[in-house]
Amino acid sequence: MRIGVLFLQGGAIEHEHAFRKAAKKLGIKAEFVRVRKKTDFSGLDALAIPGGESTVFQKLLERKGLLPEFSKVPKILATCAGLILISSKIEDGIAGQKPLGLIDIAVKRNAYGSQLDSFECELEAKGIGAVHAIFIRAPKITKLGKGMKVIARHGGDPVAISKKKGRQLILGTTFHPELATSVFHEWLLSN
Ligand code: GLN
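Cut-offs applied
- Residues numbered from 1 in each chain as written.
- Predicted model: local features only at pLDDT ≥ 70, side-chain atom pairs only at ≥ 80, totals over all residues.
- Heavy atoms only, no water.
- Helix = DSSP H or I, 4+ residues; strand = E, 2+ residues; numbered from the N terminus.
- Buried < 20%, exposed > 50% of the residue type's maximum accessible area, 1.4 Å probe, protein only.
- Contact = heavy atoms within 4.5 Å.
- Areas by Shrake-Rupley, 256 points an atom, 1.4 Å probe, with all protein chains shown as cover.
- Pairing = 2+ DSSP bridges.
- Arc of directions from axis to C-beta.
- Axes fitted to C-alpha atoms, helices over the stretch in contact; angles between N-to-C directions.

**Focus on the overall build of the protein chain**
Here is step 1 of the chain: Per the secondary structure count, the protein chain includes four helices and twelve strands.
Here is step 2 of the chain: Expressed as a percentage of the 191 residues in the protein chain, the buried residues total 52%.
Here is step 3 of the chain: If you take every contact in the protein chain between residues at least 6 apart in sequence, the share linking residues at least 24 apart comes to 65%.
Here is step 4 of the chain: Accessible area of the protein chain: about 8700 Å², with a carbon and sulfur share of 52%.

Dropping the structure here:
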């Protein structure tokens, strides 16, 4: 498999580590790509879009002409800012911030408060098990479109979701699984 991590900004290296661990565990022979330009997208089987700052991601991707590339990747793990980027609607976005609309969800940025309101907790994820979840200036999913599967909730709110749309499988989390575990990366590679 050709496994990429969007390497422009934010917590990218942790996703690469988690993918390496997941591929090893699953016995998948993999090549790892640090995705920074258009040619890096070619032949990708899976891609992680890390957390960071969604407004900065948007600007960098626009400038590099990379926004159309994401719809061609068969499997995407989008975490935190990555999830904001591929959502359909952003509440509290900055002027001109336009999501990719790869999955039908609305998100509210910084919904738990400032950086100081970041927190950790234990969650039960369907088909995955108990996970330690780290929320860093996380968004909330405020609307779920049709066909979205909820994998985990926190305080009633969906915090991990998945969607199979045609050939594309998307797994999204509002928290940072890559900082605690590789089980979400395993789920993506094996589904
Ligand atoms: N608050 C950030 C944003 O709006 C997301 C934070 C994160 O990715 N940890 O993009």
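Additional details are given in the paragraphs that follow.
**Points about the pairing of strand 6 (residues 105-108)**
Here is step 1 of the chain: Sheet topology note: the strand 5 (residues 89-91)/strand 6 ladder contains three bridges and is parallel. Looking at strand 6, one finds that Ile90 is bridged to Val107.
Here is step 2 of the chain: With four bridges connecting them, strand 6 and strand 9 (residues 140-144) associate as antiparallel partners. Pairing of Val107 across the sheet is with Ile141, part of strand 9.

**Concerning the environment of Val5**
Here is step 1 of the chain: For Val5, the location among the structural elements is in strand 1 (residues 2-6).
Here is step 2 of the chain: Classification of Val5 as buried rests on a relative accessible area of 2%.
Here is step 3 of the chain: It is 13 Å that separates the C-alpha atoms of Val5 and Phe57, two residues lying 52 residues apart in sequence.
Here is step 4 of the chain: Once residues within four sequence positions are removed from consideration, Val5 is found in contact with Ala12, His15, Glu16, Phe19, Val33, Arg34, Val35, Leu47 and Ala48.

**Observations regarding unusual backbone geometry**
Across residues other than glycine, the phi torsion is negative in most instances, and most of the peptide bonds are trans.
Here is step 1 of the chain: Notably, Asn110 is not glycine yet its phi reads approximately 50 degrees, a positive angle.
Here is step 2 of the chain: Position of Asn110 relative to the elements: it lies in the loop between strand 6 and strand 7 (119-125).
Here is step 3 of the chain: In this structure, Arg137 takes a positive phi of about 40 degrees despite not being glycine.
Here is step 4 of the chain: One can find Arg137 in the loop between strand 8 (129-135) and strand 9.
Here is step 5 of the chain: For Arg137, a relative accessible area of 30% gives the class partly exposed.

**Overview of helix 2 (residues 54-64)**
Here is step 1 of the chain: Looking only at helix 2, the buried set comprises Ser54, Thr55, Phe57, Gln58 and Leu61. Seen end-on, helix 2 carries its buried residues on one side only, within an arc spanning 155 degrees.
Here is step 2 of the chain: Turning to helix 2, the residues buried within the fold contact strand 1 and helix 3 (81-86).

**Overview of the sheet that holds strand 11 (residues 157-165)**
Here is step 1 of the chain: Pairing in this open sheet of seven strands is mixed, and the strands run 2-1-3-4-12-11-10 from one edge to the other. A single partner strand is all that each edge strand has here, and the edge strands are strand 2 (31-35) and strand 10 (149-154). Here the average twist between neighbouring strands, direction ignored, is 15 degrees.
Here is step 2 of the chain: One ladder, built from five bridges, connects strand 4 (residues 75-79) with strand 12 (residues 168-173); its direction is parallel.

**Regarding the side chain of Glu69**
Here is step 1 of the chain: In this structure, Glu69 sits in the loop between helix 2 and strand 4.
Here is step 2 of the chain: Relative accessible area serves as the criterion here: at 7%, Glu69 is assigned to the buried category.
Here is step 3 of the chain: Apart from residues lying up to four places away in sequence, Glu69 is in contact with Lys38 and Phe41.

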